[in-house]
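Given next are the chains, with one letter for each unit.
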Amino acid sequence: MKTPRPLLSCCVALGMLAVSSAQAADLSDPDAAKAADKCQKQIGKVGGKFVKNKLKRLDKCLAGIFKCIQTKDATKQPACTAKAAAKCDKELAKIFASDEPKLEDGLLKKCDDPGTLDIADLRSPDGLDFQRVALFCDTEYDLALVTVDEVARCVRTHKECRVEQIFRAQFPRAAELLDFAGVDGALVANLTCLTGSPGPGTGFGDTDPKGDGKIVDKCAKEIRKAGAKFVTTKLKSLEKCLGAVFKCVQTKPGDDGCITKASGKCDKELGAGGKIAKAEAKLRSSVEKRCSDFTPVFGTIGLHVDDLTMECARYDVPGVATLNDYVECLYRQHECLVDDMVALQYPRTEELLAEVGREDDVPPLYCATPTPTPTTTTTPTPTITPTPTVTATVTPNPGEFLLAITKTGTGVGTITSSPAGINCGDTCAASFPPGNVDLTVTTTNGSDTYFQGWHGNVDGTCTGPQRDCQLSMDQHRFLDAHLAPLDHNLMFVTSDSFAMDLGGTTPYDAACNQAASNAGLNNLAGDAFIAWVSDNSSTAGSRLGSARGFVRLDGKPVADQASALTSLNGAVLHPVLYNELGVRPIPAPQVATATLVNGLLADQNCADFTDATTAERVRVGLPTRGPAHWSDAGPIPFCSSPFPLYCVMTTKNAPAPAAPGGGKFIFQTNALIAIGEDLDARCDASKPAGAGAVKALVTTTTVPAADHLDPNEVYVRPDGHVVGTGAEIIAAAASTDGTNILQSGIWQEGDGTYLTFFVWTGDSGNDDMTMLGTVAGTCNNWTDSGGTGSAGVRTDVTSDFWRGFTARGCTAPGRAHCVEQ
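Residues numbered from 1 in each chain as written. Predicted model: local features only at pLDDT ≥ 70, side-chain atom pairs only at ≥ 80, totals over all residues. Heavy atoms only, no water.

Enquirer: Is there a simple way to think about the state of the cysteines in this case?
Expert: Here, disulfide denotes a covalent bond that connects the sulfur atoms of two cysteines. As enumerated under the stated definition, the model contains 15 disulfides in all. The disulfide that involves cysteine 241 links it to cysteine 266, with 2.0 Å between the sulfurs. Residues cysteine 241 and cysteine 266 share a disulfide whose torsion about the S-S bond is about 90°; that sign makes it right-handed. One end of the pair, cysteine 241, is in helix α8 (residues 212–251); the other, cysteine 266, is in helix α9 (residues 256–270), and 25 residues separate them in sequence. Each of the two residues, cysteine 241 as well as cysteine 266, counts as buried. (Disulfide = S-S within 2.5 Å. Helix = DSSP H or I, 4+ residues; strand = E, 2+ residues; numbered from the N terminus. Buried < 20%, exposed > 50% of the residue type's maximum accessible area, 1.4 Å probe, protein only.)

Structure representation (structure tokens):
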């Protein structure tokens, strides 16, 4: 099973909802269905025309001004600029007085048909499904989509903004030159998304109009031309594909021939070698050819492409130091924003792609994909989330480095720095001298928000969901900080330890709620959490109530159902790992539970938590483990030491986040193996549906286990959750200090059963999957049941998964890891 090749990208929450294999629904009234098709087609038609015209008018508006300052000397610039500004006034007036009204009127012409098509049909999941984007339109543009007029205005407003952002990447000095040339301020005020840094309003015209001035003008002209062509081509191609599928869904439901024809059209537009791919190639080649002498394009008197540094960082282009950097940023930004426009005008995009077998077309990683906010529709669907706001560019002081942070997600919180500079809030970028900067993320109780983690150009301790961290400012840093809505029940380990004689579950529940409140994770009442401990009057499992959907601090699911937390073979999806501060303690501590794998009271409970001496013992769990062992793992220590607690929120009831899928399978055999049998054959008999050839992931005296892993491949369990790349798996096996771990454990059989106990590995005793095994460590190459062998703890994500047991007798029952080749 290969990782899907990303194709359809977006800056919204597409690609994050599992698509049903059932046929897409249609409006049952044939007349309404036909009208819906006409409406959807009209939205694409007039929307595409608006985008093309606005880019063209902005080009005409700014091209003349830019040419004046670049190619005219100081004596000719004033008259040239005044003439160009007058032309700019006319072009902007046409956008606002003509193009925008035409867009809305054009939509209403086909979408407002009383008696046949109304707002209910536009919002219906069986119609155009604008209900899916209603929350976005209401939040971002104050349009609740209760009338067809409001739908039209939301589509228009969204396109207005995205076109201006696209043009900003093509022409970084646009806002500066509008102001410099004296273009009508009332018109410019309408360009609310066309941002940029202040500048001198000058070019090479004063110093080198025939040389660098001419070069930069021609380069800028090609960038705008090629960029606009790519945008309009991609937009048109997506509209052709989605429009063809939508027509089949509405007007020819159940017609396989129609879908087949639409699929062919989509392949022609979206597939490898299709029109979008050709447009991308053309964009790159034309800009690279015309702008080969790239130096004049830098700086405040050139095109000032270096002003796009923070914008490009959002698309995983960390700097704009070369032409290739800029072209890559330009392409990625255009691709993402086009898909963002399409996602709003075709709310059923993902569903329609699934109809033609393109459900694996997901956003590339460089497109911002904030966590979707559920709407009020009966079927959970994602809504579009606003493009994260980036603070205006800050120019680093001489000898200093830029730190720019983008807050992503729909959660609410602040980010501050020490030394002062970042207060985000309002200021998300600052200049710092070389050295360390401490960052702090703060969320508030009752805000239903938690910090899921740092992403981007990070260093030092600013990794994962650690909310207090230190960043090394030895280069420019561009970070995303993801603040997520608290839609699921959080689970964490306390950073503090507690005496074992506090007198039952109640004081430990209070301790968990205090820890959560101190971290800004609790509800306003301060009672959203329980401690995962049991006593004679209250067990941990019984106190979960009706809670469903449990996640850890980085948002990865621990379990979907409460029953998974109270079962020997429960579907525990990831270990708990983190404390309330987002820190992963290394090494992992023992966590007091006094709770068996079934969620009931264990005999080892510190005399009902009244005796903190060596006379009593307490059952503990390990936060690096999965099924059963997360709660109940030996050895069982005395009660004389304080222990941390597991804290579990119990106020939410929502399905856990879905597995990402995509990768090669890694799993365990479906049954115990007998030493002497063919382990590869047993793996083949155990493999999940869809897997290709498999090998037993064991070491022998002639072949190290690492030879069966591709360092660059992603490996997933049968449930779709990622275990790690081949390189990560190899590194975790060798990391005896717990620094490197698996993303999740290999604790599922090929048939889907979740497991405990041990698994044969053949580790040679040096904790290195790249080394050959020994006869004593491999049951004599897995042939001698009378020998000895090495094994791992199958429920662990530390190196114990590989070398937890050594020198076991080969008659002991065990399984083997298996990996797809």
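Enquirer: I keep staring at the environment of proline 30 and nothing clicks. Help me out?
Expert: For proline 30, the position within the fold is in helix α1 (residues 30–71). Exposure remark for proline 30: the relative accessible area of 63% places this residue in the exposed category. In the structure, proline 30 is positioned 222 residues away from lysine 252 in sequence and 9.5 Å away in space, judged by C-alpha atoms.

Enquirer: Got a minute to help me understand the sheet that holds strand β4 (residues 429–432) in this structure?
Expert: Within a sheet, each strand pairs with its neighbour through backbone hydrogen bonds, oriented either parallel or antiparallel. Spatially, four strands are ordered β4-β1-β8-β6 in an open sheet, and the strand pairing comes out mixed. This sheet does not close on itself; its edge strands, each paired only once, are β4 and β6 (449–456). When strand polarity is set aside, the average angle formed by the axes of neighbouring strands in this sheet is 25°. As paired strands, β6 and strand β8 (residues 477–485) are joined by seven bridges and run antiparallel to one another. In the strand pairing of β8, phenylalanine 451 is matched with leucine 483. (Pairing = 2+ DSSP bridges. Axes fitted to C-alpha atoms, helices over the stretch in contact; angles between N-to-C directions.)

Enquirer: Would you take a moment to explain the packing of helix α5 (residues 148–170) against helix α12 (residues 323–345) for this structure?
Expert: In a pair of packed helices, the angle between the axes and the distance between the axes together describe the arrangement. Viewed as axis vectors pointing N to C, α5 and α12 meet at an angle of 175°, and their least axial separation amounts to 10 Å. The angle between the axes of α5 and α12 places the two elements in the roughly antiparallel class. Between α5, through Cys154, Val155, His158, Lys159, Arg162, Val163, Gln165, Ile166, Ala169 and Gln170, and α12, the contact on the second element is made entirely by Tyr326, Leu330, Gln333, His334, Leu337, Asp340, Met341, Leu344 and Gln345. In terms of residue class, the contact of α5 with α12 is made up of 10 nonpolar, six polar and three charged. (Parallel < 35°, antiparallel > 145°, perpendicular 65-115°, else oblique. Contact = heavy atoms within 4.5 Å. Nonpolar A, V, L, I, M, F, W, Y, C, P; charged D, E, K, R; others polar.)

Enquirer: Explanation requested: the side chain of aspartate 611 in the structure shown.
Expert: Counting through the fold element by element, aspartate 611 comes out in the loop between α15 (606–609) and β14 (620–621). Despite being buried, aspartate 611 has no salt bridge partner; arginine 617 is the closest side chain of opposite charge, sitting 12 Å away. A polar side-chain atom of aspartate 611 sits 2.7 Å from a polar atom in the side chain of threonine 613. Apart from residues lying up to four places away in sequence, aspartate 611 is in contact with Met500, Asp501, Cys606, Glu616 and Cys639. (Lys, Arg positive; Asp, Glu negative; His and termini not counted. Salt bridge = Lys/Arg side-chain N within 4 Å of Asp/Glu carboxyl O. Polar contact = N/O pair within 3.5 Å; in protein donor to acceptor, adjacent residues only side chain to side chain.)

Enquirer: What is the right way to read the nonpolar core from this model?
Expert: Looking at soluble globular proteins, one finds that nonpolar side chains tend to be buried together. Core analysis: the biggest nonpolar cluster contains 110 residues, and Leu62, Leu92 and Leu303 have the highest contact counts within it. Ranked by residues supplied to this core, first place goes to α1 with 17 residues. Excluding residues within four positions of it along the chain, leucine 92 makes contact with Leu58, Cys61, Val183, Leu187, Val188 and Leu191. (Core = buried A, V, L, I, M, F, W, Y, C linked by side-chain atoms within 4.5 Å.)

Enquirer: What's the story with the sheet that holds strand β7 (residues 468–473) in this structure? I'm lost.
Expert: Taken in spatial order, the four strands line up as β3-β2-β5-β7 in an open sheet, and their pairing is antiparallel. In the strand order of this sheet, the two ends are held by β3 (423–424) and β7, each with one partner. Of the pairings in the sheet, the one linking strand β2 (residues 414–418) to strand β5 (residues 435–442) comprises five bridges and is antiparallel in character. Bridge pairing in β5 links threonine 414 to threonine 442.

Enquirer: What am I meant to see in a negative patch on the surface here?
Expert: On the surface, Asp112, Asp113, Asp118 and Asp149 cluster together into a negatively charged patch. Within the element layout of this structure, aspartate 113 appears in the loop between α2 (77–111) and α3 (119–123). (Patch = residues over 30% accessible without salt bridge, like charges linked within 9 Å, V, L, I, M, F, W, Y side chains within 5 Å. Areas by Shrake-Rupley, 256 points an atom, 1.4 Å probe, with all protein chains shown as cover. Charge placed at Lys NZ, Arg CZ, Asp CG, Glu CD.)

Enquirer: Sorry, what's going on with the packing of aromatic side chains here?
Expert: For any two aromatic rings, the description comes down to two numbers: the centre-to-centre distance and the angle of the planes. Per the stated rule, a full pass over the model turns up 14 aromatic pairs. A ring pair is formed by phenylalanine 492 and phenylalanine 529, whose centres lie 5.4 Å apart and whose planes are at 55°; its orientation type is tilted. Of the two residues, phenylalanine 492 sits in strand β9 (residues 489–493) while phenylalanine 529 sits in strand β10 (residues 529–531), which places them 37 residues apart along the sequence. Neither residue differs from the other here; phenylalanine 492 and phenylalanine 529 are each classed as buried. Arranged with centres 6.0 Å apart and planes meeting at 65°, the rings of tryptophan 760 and tryptophan 782 form a pair that is edge-to-face. Here the residue tryptophan 760 occupies a position in strand β20 (residues 758–760), and tryptophan 782 occupies one in helix α18 (residues 779–782), the gap between them amounting to 22 residues. Here tryptophan 760 matches tryptophan 782 in class, with each residue buried. (Phe/Tyr/Trp six-rings, centres within 6.5 Å; stacked < 30°, edge-to-face > 60°.)

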